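# Descriptive structure summary
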Amino acid sequence: MRAAVLRENVEIKVEGLPRRYPGLPWREDPLVIEEDYPVPVVGPGRVLLKVLACGVCYTDVDIVEGRVRCEIPVIPGHQIVGRVVEAGPEVGDPREGDVVGVAWISEACGRCHYCSSGLENLCGDFRATGCHVNGGYAEYAVARADFVYRIPPGIDYVSAAPLLCAGAVGYRALKLADLRDGLTLGLFGFGASAHIVIQVARRLFPSSEIYVFSRSPEHRELARDLGADWAGHPDEDPPRRLDRAIDFTPAGEITARALELLERGGVLITNVIRKQTPIVLDYAKHLWLERSVRSVANVTRRDVGELLEIAARYGLRVETQPYALKDVNRALRDLKAARVRGSAILRIS
Ligand SMILES: [Zn+2]
Ligand SMILES: [Zn+2]
């Protein structure tokens, strides 16, 4: 089968961006497109999927550049939509022919105190799709049958892909933010995740004002289209202070900026795995008056399932920018350069 494989960590070379990791090779094409990669074998409790589409996530840029540690070589891709072509032994559901999604959570132990209290995203044995096991940048992928999600009718498979990570992790961040109707919400950065979160927040919390901060005029325009009450540059002040905020950016200074704009008792959720620049905080300016900051890590199956249901119920609009599998390296470059509107998606078959 055709697959895009990460054989070693590489810094992705993008015109206009300086080299940051002199210890790594610096290449425009970090993944190797292989034509004869063996089709994976289905084991007990697993299903073989013919991949229809797979989202390209900013985490994949982190994986390629070594900020997220994975087992290399690996086929990345953790927002997979595929058709079941073979069910292994001991699989009752899903069945051959079903269209299902696979998310970042590939498996968790199911026994530890995190798993038994609904926090399987924090399980010590958490294994990630496209990182600890091969993912969906390929014509076929294997997944555990109890870690896939039926795609609800009404969502096409290209739109479903970004819901599986960008959408689901953003939705988890929104849950952790504990937003209540009427409180103001600020979103920093407006890419794949935020453009879905804003639509969920708009529907679940209709009286809340939502402010979007982005350096990109195009992203600010998209934010207004999708229901932002105000959209501005991160240096601009919003109409009111923020009760809740979610930071989707890899920039450390945005954490400080968001905390600075928080109302007393406000909560900031950081929805990014690695900040690329340091976070410098001043206690009085950023934290005093019971302001708090917490991170969001991974997703649970419940997060993914709920978000798919919400997306189907409200007809969420998912902006996608399609690429062929052979062009995955261009997709990674576009993502790194913030040239993607909405979510980058590989259309595979
Ligand atoms: Zn992701
Ligand atoms: Zn566990």
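It should be emphasised that the depicted structure is a prediction, and the values quoted were computed from it without experimental measurement.

## Details of the overall build of the protein
- Regarding its fold elements, the protein presents eight helices and 19 strands.
- Against the 2.2 N^0.38 benchmark of 20 Å for 349 residues, the protein shows a C-alpha radius of gyration of 20 Å, consistent with a compact globule.
- Over its C-alpha atoms, taken along the principal directions, the protein stretches across nearly 55 × 45 × 40 Å.
- A burial count over the protein gives 48% of its 349 residues as buried.
- Taking all contacts inside the protein whose residues are at least 6 apart in sequence as the whole, residues at least 24 apart take part in 73%.

## Some points on the sheet that holds strand β17 (residues 292-295)
- Spatial strand order, β14-β13-β12-β15-β16-β17: six strands in an open sheet with parallel pairing. Lying at the two open borders of the sheet, with one neighbouring strand each, are β14 (230-232) and β17. When the angles between neighbouring strand axes are averaged without regard to direction, this sheet yields 15°.
- On top of the sheet, helix α4 (residues 217-225) reaches β13 (210-213) and β14; it is set at about 175° to β14, its chief contact.

## What to know about the domain arrangement of the protein
- We note that the domain assignment places domain 1 (3-150 + 319-347) and domain 2 (168-295) within the protein.
- Centre-to-centre, using C-alpha coordinates, domain 1 lies 27 Å away from domain 2.
- The interface is formed by ten residues belonging to domain 1 together with eight residues belonging to domain 2.
- Classifying every residue of the side of domain 1 that touches domain 2 by side-chain character gives three nonpolar, three polar and four charged.

## Focus: the pairing of strand β6 (residues 80-87)
- Examined bridge by bridge, strand β5 (residues 46-56) and β6 share seven bridges and lie antiparallel to one another. Each residue of the ladder has a partner; that of C54, found in β6, is I80.
- Bridge count for β6 against strand β7 (residues 99-102) is four bridges, and the pairing is antiparallel. Along β7, the bridge assignment pairs G82 with V100.

## A short note on the environment of K285
- Summarising the element assignment, K285 is placed in helix α6 (residues 283-287).
- Judged by the 11 C-beta atoms lying within 10 Å of it, K285 is exposed.

## Here's the deal with the nonpolar core
- Residues A168, L187, V197, I198, V212, V328 and L346 are the most contacted members of the largest nonpolar core, which totals 114 residues.
- Tallying contributions element by element places helix α2 (residues 157-177) first for this core, with twelve residues.
- Mapped onto the domain boundaries, this core takes at least three residues apiece from domain 1 (3-150 + 319-347) and domain 2 (168-295).
- Not counting residues up to four positions away in its chain, the partners in contact with L187 are A194, V197, I198, I210, V212, I246 and F248.

## Looking at the environment of R2
- For R2, the position within the fold is in the segment before β1 (3-5).
- Of the residues examined, R2 has 15 C-beta atoms within 10 Å and is grouped as partly exposed.
- A sequence separation of 37 residues divides R2 from V39, and the C-alpha atoms of the two residues are 9.0 Å apart.
- Excluding residues within four positions of it along the chain, R2 makes contact with I33, E35, A138, E139 and L325.

## Focus: the packing of α2 against helix α3 (residues 194-204)
- The contact between α2 and α3 brings their axes to 8 Å, and the two run at 55°. Judged on the interaxial angle alone, α3 and α2 are oblique. The interaxial crossing formed by α2 with α3 has right-handed handedness. For the pair α2 and α3, the contacting residues are P162, L163, A166, G167, G170, Y171 and L174 in the first and A194, I196, V197, V200 and A201 in the second.
- Looking at the contact of α2 with α3, its residues break down into ten nonpolar, two polar and no charged.

## Overview of the packing of α2 against helix α7 (residues 301-314)
- Two elements in contact, α2 and α7, have axes whose closest approach is 9 Å; the angle formed by their N-to-C orientations is 100°. The orientation of α2 with respect to α7, classified from their angle, is roughly perpendicular. Residue-level inspection shows L163, L164, G167, A168, Y171 and R172 of α2 in contact with α7, the latter providing D303, V304, E306, L307, L308 and A311.
- Taken together, the residues of the contact of α2 with α7 break down into eight nonpolar, one polar and three charged.

How each quantity is defined
Residues numbered from 1 in each chain as written. Chains lettered and ligands numbered in written order. Predicted model: local features only at pLDDT ≥ 70, side-chain atom pairs only at ≥ 80, totals over all residues. Helix = DSSP H or I, 4+ residues; strand = E, 2+ residues; numbered from the N terminus. Rg over C-alpha atoms; globule rule 2.2 N^0.38 Å. Buried ≥ 20, exposed ≤ 12 C-beta atoms within 10 Å, placed from the backbone. Contact = placed C-beta atoms within 7 Å. Pairing = 2+ DSSP bridges. Axes fitted to C-alpha atoms, helices over the stretch in contact; angles between N-to-C directions. Domains from an automatic or database assignment. Nonpolar A, V, L, I, M, F, W, Y, C, P; charged D, E, K, R; others polar. Core = buried A, V, L, I, M, F, W, Y, C linked by C-beta atoms within 7 Å. Parallel < 35°, antiparallel > 145°, perpendicular 65-115°, else oblique. Left-handed = near helix turned anticlockwise from the far one by under 90°.

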